[in-house]
Amino acid sequence: MEGFKSGVRLCYRSRRSLLGIPGVKRLSCHSASQVGEEKPDVGNMSKVLDGRRSLLQAGQPLPHTHPHLVEPGQVTSGISREEYSQRRKCLMKRLGQEEGKHHVVILPATPRRYMIDKIPYLYRQDTDMLYLSGCLEPDCVLMLHTLSGSCAPRHHSVMFTPRHDPAQELWDGPRTSPSAAPEVWGVDTGLPLTELTRYLGHLEKDLGHPVLWYHASSPPNPELHHRLQAWLAAGRQAGTASPKSHIHALRLIKSPAEVELMRATCRISGEAIAATMRATRAPVAENHLFATVDYHARMRGADHLAYPPVVAGGPRANIIHYISNNQLIHPGQMVLMDAGSEVGGYSGDVTRTWPISGDFTAAQRDVYEAVLEVQQAVISTAAHRPTLDQLFSAMCAKLGKVLQELCILPLSYGDGQLMRAAYGFCPHHVSHYLGMDVHDTPLMPRNKPLSPGCCITVEPGIYVSEKNTAVPSRYLGLGVRIEDDILITEDGVEVLSDSCPRHPDEIEAIVGEDYK
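Residues numbered from 1 in each chain as written. Predicted model: local features only at pLDDT ≥ 70, side-chain atom pairs only at ≥ 80, totals over all residues. Heavy atoms only, no water.

Undergrad: Which parts of the structure should I look at to understand unusual backbone geometry?
TA: Excluding glycine, residues mostly have negative phi values, and the peptide bonds linking residues are mostly trans. The linkage connecting A282 with the following residue, P283, adopts the cis geometry, with an omega of -10°. Phi is positive for R385, close to 60°, though the residue is something other than glycine. Looking at where R385 falls in the secondary structure, it is placed in the loop between α14 (362–382) and α15 (388–405). Relative accessible area serves as the criterion here: at 31%, R385 is assigned to the partly exposed category. Phi at T441 is positive, roughly 40°, even though this residue is not glycine. Tracing the sequence through the fold places T441 in the loop between α16 (415–425) and β19 (455–458). (Helix = DSSP H or I, 4+ residues; strand = E, 2+ residues; numbered from the N terminus. Buried < 20%, exposed > 50% of the residue type's maximum accessible area, 1.4 Å probe, protein only.)

Rendered as C-alpha cells:
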C-alpha cells in the first residue's frame, strides 16, 4: 500500500510541476522520507523537469517529439535556433542601412489550401517566412521591428499565431500557442493573431511612422492581407516596400548548415533516379516510374518530392514540362526523368535520360553524348564564377558546334547565327538558382557573378521535334536533357548530384539491373 501511495504522490507532484505549479521543489528528500517514499535521485528529477517540455504542443516537429528529425537546439532539421536568429539580424541590418528610420517587417505564412471541400493539399510554407523563422505552420505571422531609441540591426521579433481551437485541431492537429512561440521558434515574443493590427497601431505611434516592409503586390495569405488593408490604407506617412529582394539576397548564399542539407537532398535525388534506372524494364508505364522515384527518394530520407516530376517517354521528352506521366514507354524508346527530393526544406533538381530497354541506339547515343559534352563544358565554365547569362551563352555556343557535328545544323553558320539556331533546339535556360525552392531566389538577377556558397543547376538539352523535316530522320522525336546540381566553392565547383551516373556506359550497365 505504501508503494501505491508513493506512486500517487509522485505522479500528483509531477503533474503539478508540469502545469507550472512549483510542486517539484516541495518534493524534497525530507518530505519524501516523512511519508515512507524512496528518496528521489537526480535522474528522476531530471525526468520530471524534462516532462515540462514534453507537454509543449506545436504544429511541427520538435526535438522531443521527433528526435529522428530535429536535434536539440534546432528549429527545423539541420538548422539551429541561433542560425534563424542570425538570419533575422542580417535582414534588419540590410534594411537599416539608411540611418534615422525605423523598420517593420511583416511576413505571413502560407494558408492551408484545399483541393476539394475539407481535403487539404500537402502544406508547404512560404519559403521567405520559413527562412527567417523555421515556422512550418499555416496562418502565422512573423514580425520584425526596430526598437524605439535604437536602430537596426537591433530589433524585436514577434510571432503571431492562432489561438487554441480544439474543434479545428481535431481535424488538422495541434498548433503552437502564442505563449509557446518563443520556445518553439526562438522569437522574442508570441502573441495571438487577433492582436496583429493593434500591435501595428502601437508601433506606428512609438516608432514615428516606420518604413513598412510587406509584399503587398502578391501577398501569400489573401485573408490576412484583407485584414491589413484598412491599416495599410490609413494614410501612412512612411513608405511601404517588399522585403523579398533583400531576403533573396541572403538566401542566395548558403550557410554551412544549408550546404549540408543541399548535399543531402541532391545526393538522395540522384540515388533515387539511379534506383529507378535499375528498376526499369520495357515496356513500362510513366506513372510506374513516377511511383518508383518517389518511393526511393522517401526511403532514403526525403520528406517528399520537391515538385511534380517529368517522366516523359519517347517523343514526349520534347515537352519541357510534361507532367501528365500517363503514357506507356515502349521497347527501344528513351525516358527523360526530371525529379528532385525535398529534405529539411531544401530541394534537389536532377534530370537523366535513359533507354528503357537498357541499350542506346546509335542515334540516341549520338544525341546523348552531345548533350553530355555540352554539360561538361558548362560545368567547367561555372568554376570561373560567371553569371548565369554567361553560362547560357557558353551553352549556346557549344551546343551549336555539337549540333553541326551531328549534321543537324549547317557548317556554314557563323557564330551569331549558330547560337540563335542552337537555342531553337534547347529553348530554355541552362541554369537557375537552387535552394529552398527549385527555382530559387527568382528576384536575384541572372547577370550577377556567381559566388562561393551559391547552388545552381546545369541542364543543357537537345530536343528534336518529330515535325522537323530539316534534320536527319534518325534523330526525329528524340529529346535528351542532363541536369546536375552544382555548388560554387572557393576552389571551383562541387557536383552535388554525382550519385547518379551520367556516362552512357554507366547508364547501360545499371538499367534493368533489378531484373538481371
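After that view of the structure, there is still more to cover.
Undergrad: Looking at this structure, I do not really get the side chain of T276. What am I missing?
TA: Topologically, T276 is positioned in helix α12 (residues 256–278). Excluding residues within four positions of it along the chain, T276 makes contact with L289, T292, V293, M337 and W354. (Contact = heavy atoms within 4.5 Å.)

Undergrad: Is there a simple way to think about the confidence of the model for the protein chain in this case?
TA: If pLDDT is low for a region, its predicted coordinates should not be looked at in detail. Taken residue by residue, the protein chain gives an average pLDDT of 88. The fraction at 70 or more is 88%. In this model residues 1–53 is a low-confidence stretch, pLDDT under 50, and it forms 39 contacts with partners more than four residues away in sequence or in other chains. (pLDDT = per-residue confidence, 0-100.)

Undergrad: Help me understand the packing of aromatic side chains, please; the structure alone is not making it clear to me.
TA: Each aromatic ring pair is specified by the distance between its two centres and by the angle formed by the two planes. Under the criterion given, the structure shown has three aromatic pairs. Relative to Y368, the ring of F360 has its centre 5.2 Å away and its plane inclined at 45°; by these criteria the two rings are tilted. As far as burial versus exposure is concerned, F360 and Y368 are alike and both buried. On the numbers, 5.8 Å between centres and 80° between planes, the contact of F392 with Y423 is edge-to-face. Note that F392 is positioned in helix α15 and Y423 in helix α16, a separation of 31 residues in sequence. Taking relative accessible area as the criterion, Y423 reaches 38% and is therefore assigned partly exposed. Looking at R87, its charged tip hangs above the ring of Y84, at a distance of 4.9 Å from the centre. (Phe/Tyr/Trp six-rings, centres within 6.5 Å; stacked < 30°, edge-to-face > 60°. Lys NZ or Arg CZ within 6 Å of the ring centre and 35° of its normal.)

Undergrad: Please clarify how the layout of surface pockets should be interpreted in this entry.
TA: Using a probe with the size of a water molecule, rolled over the atoms, empty space left in the structure can be pinpointed. Approximately 1,000 Å³ is the volume attributed to the largest pocket. Residue lining of the largest pocket: 43 residues in total, with G59, Q60, P61, Y123 and L136 positioned closest to the centre. Of all the secondary-structure elements, those providing two or more residues to the lining of the largest pocket are β1 (74–76), α5 (81–95), α6 (127–133), α7 (166–172), α12 and β16 (341–343). Taken together, the residues that form the lining of the largest pocket break down as 19 nonpolar, 14 polar and 10 charged. Of the pockets and cavities examined, the second largest pocket occupies roughly 380 Å³. Along the wall of the second largest pocket there are 17 residues; nearest its centre are R124, L305, A306, Y307 and P308. For the lining of the second largest pocket, the secondary structure elements donating two or more residues are α13 (286–299) and β12 (304–305). When grouped by side-chain class, the residues that make up the lining of the second largest pocket number nine nonpolar, four polar and four charged. (1 Å grid on protein atoms, 1.4 Å probe; cavity = no way out; pocket = protein on both sides within 12 Å on 5 of 7 lines; lining within 4 Å. Points joined across faces, edges and corners; volume = space filled by probe spheres on them. Nonpolar A, V, L, I, M, F, W, Y, C, P; charged D, E, K, R; others polar.)

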